[in-house]
Amino acid sequence: MNNPYQPWLATIDKITEEVKGARAIKTFQLKFLDREVQQHFSFQPGQCVMVGLFGVGECMVAISSSPTKKESLEVSIMKQGKVTSAFHEYQQGDIVGVRGPYGNGFNVDSWLGKNIVFIGGGIGQAPLRSVINYIIDNRRRYRNLDIIYGARSSSELCFKNELFELEKRDDVHVHLSIDHEEEAWNRYVGFVPDNLLKIAPPSHNTIAVTCGPPVMIQFVIKNLLHLGFTDEQIYTTLEMRMKCGIGKCGRCNIGNVYVCKEGPVFSYKKLKSITGER
Ligand SMILES: Cc1cc2nc3c(=O)[nH]c(=O)nc-3n(C[C@H](O)[C@H](O)[C@H](O)COP(=O)(O)OP(=O)(O)OC[C@H]3O[C@@H](n4cnc5c(N)ncnc54)[C@H](O)[C@@H]3O)c2cc1C
Ligand code: FES
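The rules we used
- Residues numbered from 1 in each chain as written.
- Chains lettered and ligands numbered in written order.
- Predicted model: local features only at pLDDT ≥ 70, side-chain atom pairs only at ≥ 80, totals over all residues.
- Heavy atoms only, no water.
- Buried < 20%, exposed > 50% of the residue type's maximum accessible area, 1.4 Å probe, protein only.
- Helix = DSSP H or I, 4+ residues; strand = E, 2+ residues; numbered from the N terminus.
- Contact = heavy atoms within 4.5 Å.
- Core = buried A, V, L, I, M, F, W, Y, C linked by side-chain atoms within 4.5 Å.
- Domains from an automatic or database assignment.
- Buried area = accessible area lost by both parts, 1.4 Å probe.
- Polar contact = N/O pair within 3.5 Å; in protein donor to acceptor, adjacent residues only side chain to side chain.
- Nonpolar A, V, L, I, M, F, W, Y, C, P; charged D, E, K, R; others polar.

Comments concerning helix α2 (residues 82–89)
By the burial criterion, the buried members of α2 are Val83, Thr84, Ala86, Phe87 and His88. Among the structural elements, β1 (8–19), β2 (25–32), β3 (48–53), β4 (57–62), β5 (73–78) and β6 (95–102) are those in contact with the buried residues of α2.

Take a look at the structure:
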């Protein structure tokens, strides 16, 4: 494609209501109208796309399906403002624009033979779902797989049914939590960083990946360091405001790093070097 701003057209093939209410989340399964585009659209888990609603605007979102799923592409979108609220009104069969994939994604090949711990909160589970499903589809190439995920309440847990299914497997350890007590909830009650400390995954030969609200990420990283993880073993994603997605508009930069191009995935070591944190 010559014009980098020109989207491919995709139809909404299926809509799954993940979370209801003010902070509603829906997963949209998209299929490119052009079969060749669908066949050749390749991406790394953790990469994003710009989804455009004609006459409304665009928003940058993580691809929440695994690249191993070739026949469609999924994005999971929380109702936030103008574009995302309009998207929630869209129906099966409606057409959207998609451009991308953008950013760097997770370097899953460098994690071969390692234990992986995912620590997610709220809609932050969207990019993690992509990489989790990729690892499940390549299960023998990775060692222990722990998924620590929480939300404010059980009704706000995203991808709940999939996570309940994963709980039944003996080669995946799922640790779900909600912030406050609820009748019939027999899993952990409390914040995600506290659940991480309770589970205390061994740091040896382990990669930890965290995504969620900034305050959660901050405490998760603090607790990972406490558990003996090094800066190089910790990965997270940054959600800066993005407009172009291709390093042109200058909306997303931290210093001279364009998050839309060099991110959104960063090791904690790299993140510290670009933010000047010690
Ligand atoms: C790399 C990346 C990946 C993302 N992945 C997802 C995803 O998988 N699912 C998802 O639901 N959302 C994701 N987002 C956030 C999503 O892009 C914003 O929610 C969306 O652009 C808001 O558009 P809007 O027009 O609905 O809201 P607006 O009307 O523009 O704003 C509504 C509210 O959201 C705030 N807001 C807008 N953009 C952002 C942002 N980037 N970060 C924090 N606050 C923001 C505004 O300040 C305002 O308070 C991602 C963002 C980035 C940069
Ligand atoms: S979004 Fe425009 S430079 Fe990154």
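What about the nonpolar core?
Formed by 35 residues in total, the largest nonpolar core has its most connected members in Phe106, Trp111, Ile116, Phe118, Ile135, Ile147 and Val209. At the level of secondary structure, the elements contributing two or more residues to this core comprise β7 (115–121), α3 (125–137), β8 (145–151), α4 (160–167), β9 (173–178) and β11 (206–211). Formed jointly, this core draws a minimum of three residues from each of two domains, domain 1 (8–102) and domain 2 (108–225). Other than its neighbours up to four places away in sequence, Ile147 contacts Phe118, Gln125, Ile132, Leu163, Leu166, Val172, His173, Val174 and His175. Ranked by size, the runner-up nonpolar core spans 24 residues in total, among them Phe229, Met242, Tyr268 and Leu271.

A look at the domain arrangement of the protein chain
Parsing the protein chain into structural domains produces domain 1 (8–102), domain 2 (108–225) and domain 3 (238–278). Look at where the C-alpha atoms of domain 1 and domain 3 centre, and you get two points 23 Å apart. Buried area between domain 1 and domain 3, summed over both chains or domains, comes out near 480 Å², and the portion from carbon and sulfur atoms is 65%. Area buried by domain 1 at its contact with domain 3 is led by Met50, Met60 and Tyr102, which between them contribute 64% of it. On the surface where domain 1 and domain 3 come into contact, there are 2 residue pairs in polar contact (both at pLDDT 80 or more). Looking at the side of domain 1 that touches domain 3, the elements with two or more residues in it are β3, β4 and β6. Looking at the side of domain 1 that touches domain 3, its residues break down into 4 nonpolar, 1 polar and 2 charged.

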